[in-house]
Amino acid sequence: MVEVDARDARIAELEAQVAARDEVIAGLMAKVEALTARVAELEARLNQNSSNSSKPPSSDAPGTPRQPKKPTGRRPGGQPGHKKHERALLPPEDVQHVVELVPKECGGCKRRLHGQDTAPRRHQVVEVPPLSAIVTEYRCHALQCPDCEVVTRGEVPAHARSVFGDRLAALASLLVGKYRLSKRLVKDALSDMLGVELSVGSVSNLEGEMSQALAPAAAEALDYVRASEAANADETGFVQGREGGRAARAWLWVAATALVVVFHIATSRSGKVARHLLGADFAGFLTTDRWSAYEWVDPGLRQLCWAHLTRDFQGFIDRGGRGGRIGRELMRERNRFFKWYHRVRDGTMTREHFEERMRGVERTVGQLLRKAARRAEKKTAGMAREILQWEKCLWTFVDVPGLEPTNNFGERCIRHAVMYRKTSFGTQSEEGSRFVERIFTATTTLKLQGRDVLAFLTDTLAAHRRGLRGPSLLPTAPVPQLALAA
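Definitions and cut-offs
- Residues numbered from 1 in each chain as written.
- Predicted model: local features only at pLDDT ≥ 70, side-chain atom pairs only at ≥ 80, totals over all residues.
- Heavy atoms only, no water.
- Buried < 20%, exposed > 50% of the residue type's maximum accessible area, 1.4 Å probe, protein only.
- Helix = DSSP H or I, 4+ residues; strand = E, 2+ residues; numbered from the N terminus.
- Arc of directions from axis to C-beta.
- Salt bridge = Lys/Arg side-chain N within 4 Å of Asp/Glu carboxyl O.
- Phe/Tyr/Trp six-rings, centres within 6.5 Å; stacked < 30°, edge-to-face > 60°.
- Lys NZ or Arg CZ within 6 Å of the ring centre and 35° of its normal.
- Core = buried A, V, L, I, M, F, W, Y, C linked by side-chain atoms within 4.5 Å.
- Contact = heavy atoms within 4.5 Å.
- Pairing = 2+ DSSP bridges.

So, about helix H9 (residues 378-388). Regarding H9, the residues found buried are Thr380, Ala381, Met383, Ala384, Ile387 and Leu388. The buried residues of H9 occupy one face: seen down the axis, they fall within an arc of 160 degrees.

This is the structure in structure tokens:
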């Protein structure tokens, strides 16, 4: 009986040890699984680049492989028979100096030549005259009244109170807003080119004055965008001031139509800012990425950017597994319809034929995304479910002629601002942000319309200084707003 009790105790002890070891093993296996998942997550993050995620190309590590271009078999440069791009000659009435080169003797037999060529070959040399500032001096005389003996002095006109004229002040703002020069470089440029000496503080003051002058035109442009039939919207990180010794985070937003573009800097990236920029009752078609700030827009009026979706599908492929195979099928569908879309744009396929073919693509893409959501690996499945939430927004461009399937136009409009941010490190105050918004709105819009930027800024500042209405940023002729830049 004692031996049985001892054996049962020993068995119980061994079972307890086994249970304890099983518990330890289970805990270790859980840790291994967690660490394996963490390693996979870090490897996936390490493999992210601009081709398979939203990361910008500037963040790619050296040696990151690029998508190779298909070889064309042609040599670099201009191809035989291509249209030449030669400098056009100015008309004779715009030429200041003419030098007549008349040969005096034959180049062959040296016989003296007489007569006149009625259609000589023209060759023009463009030169800039020596630059110098034009200084206007206002002499304020003081005269005494012989009756009351009050001394009255002539006053400088209100528009001439600034020591810097309209065009010079406009040039300073243009060098900052379009050519991305720092205030110190603007100071040096005006000194080197024109011999005008001014301080960095003066450049800042001129920016503030230009900002006030541009305010009415920028507000008018904003109203125009809010009433547009179609727009592209995007946003990028920015810096405004400092908090606790560190740069304060802000965002620069853009809303772009075919010929009018509006910029806005805010300390938030929320839907509230998007509503303010576009207007809460915006009823046009809007092309964006999948950022949540645009969720308030009617899905039937929203087009998601297929350039972003292309990177997502490439991410499916790069992560491999079942999701990778589905990603390759999605990419094939994407390549098919883009080829058709370009044919429609080039006029080699009818719109009706394109819409008919796209119905099959829409069904296939939807089926593949649902398959990825059910069967793919965790991250790929989550991305597929996110895209499916906005499935209706993938195909708006199919039913709306003129609407682009990508947000490339909006991103091109904001690219200049991104480069400005990288060299200027943002702004120091809200007043500085208002100047950046308005000067970008003006320069980008005027470029799209092919208008003279310096002349516009000069006229705007001249009107502001004289209390007059300044020029408008709106196009002078009606434009088909759905014909956004390809």
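Right, picking up where we left off after that structure.
What follows deals with the pattern of salt bridges. Considering all chains together, one arrives at 16 salt bridges under this definition. Of the charged contacts, one joins lysine 183 and glutamate 207 as a salt bridge, the two residues approaching to 3.4 Å between their closest N and O atoms. One end of the pair, lysine 183, is in helix H3 (residues 183-194); the other, glutamate 207, is in helix H4 (residues 200-226), and 24 residues separate them in sequence. The partly exposed category is assigned to lysine 183, whose relative accessible area is 29%. Owing to a relative accessible area of 6%, glutamate 207 belongs among the buried residues under this scheme. With a shortest N-O distance of 2.9 Å, glutamate 235 and arginine 269 are connected by a salt bridge. Of this pair, glutamate 235 sits in strand S3 (residues 230-243) while arginine 269 is found in the loop between strand S5 (261-266) and helix H5 (271-278), placing the two residues 34 residues apart along the sequence. Each of Asp166, Glu209, Arg465 and Arg466 takes part in a single network of salt bridges with overlapping partners.

By the element assignment, glycine 300 lies in the loop between strand S6 (285-288) and strand S7 (302-304). You can call glycine 300 partly exposed: its relative accessible area is 26%. Through-space distance from the C-alpha of glycine 300 to that of leucine 286 is 9.7 Å; in sequence the pair is 14 residues apart.

This part covers the packing of aromatic side chains. Applying the stated rule across the entire model yields 13 aromatic pairs. Their ring planes at 70 degrees and their centres at 6.1 Å tell us that tryptophan 253 and tyrosine 294 sit as a pair that is edge-to-face. Of this pair, tryptophan 253 sits in strand S4 (residues 246-256) while tyrosine 294 sits in the loop between S6 and S7; the two residues are 41 residues apart in sequence, bridging distant segments of the chain. As far as burial versus exposure is concerned, tryptophan 253 and tyrosine 294 are alike and both buried. Ring centres of phenylalanine 337 and phenylalanine 397 lie 5.7 Å apart, and the angle between their planes is 35 degrees; this geometry places the pair in the tilted category. Taken together, the residues span a long stretch of sequence, with phenylalanine 337 in helix H7 (residues 321-346) and phenylalanine 397 in helix H10 (residues 396-399) at a distance of 60 residues. The pair phenylalanine 337 / phenylalanine 397 is uniform in exposure class, with both members buried. An aromatic cluster of three or more residues is present, and its members are Trp306, Phe313, Phe316, Phe337, Phe338, Tyr341, Phe354, Trp395 and Phe397. Over the face of the ring belonging to tryptophan 291 we find arginine 269, whose NZ or CZ atom lies 3.8 Å from the ring centre. When the ring centre of tryptophan 390 is taken as reference, the NZ or CZ atom of arginine 302 above it lies at 5.0 Å.

For lysine 110, which is not glycine, the phi torsion reads 70 degrees and is therefore positive. Residue placement: lysine 110 occurs in the loop between helix H1 (2-46) and strand S1 (142-144). Of note in the backbone geometry, arginine 180 takes a positive phi value of approximately 60 degrees without being a glycine. Along the chain, the position of arginine 180 falls in the loop between helix H2 (166-177) and H3.

Residues Leu252, Trp253 and Leu457 are the most contacted members of the largest nonpolar core, which totals 65 residues. Of all the elements, H4 adds the most residues to this core, at ten residues. When near neighbours in sequence (up to four residues on either side) are disregarded, leucine 457 contacts Ala170, Leu174, Met210, Leu214 and Ile439. Formed by 39 residues, the second largest nonpolar core is a distinct cluster that contains Trp306, Met383, Ile387 and Trp390.

With that out of the way, let us pick up the pairing of S4. With eight of eleven residues buried, S4 lies mostly within the body of the structure. Relative to S5, S4 runs antiparallel, the two sharing six bridges. Among the inter-strand pairings, alanine 256 is bridged to a residue of S5, identified as valine 261. Between S4 and S5, which pair antiparallel in sequence order, lie four residues.

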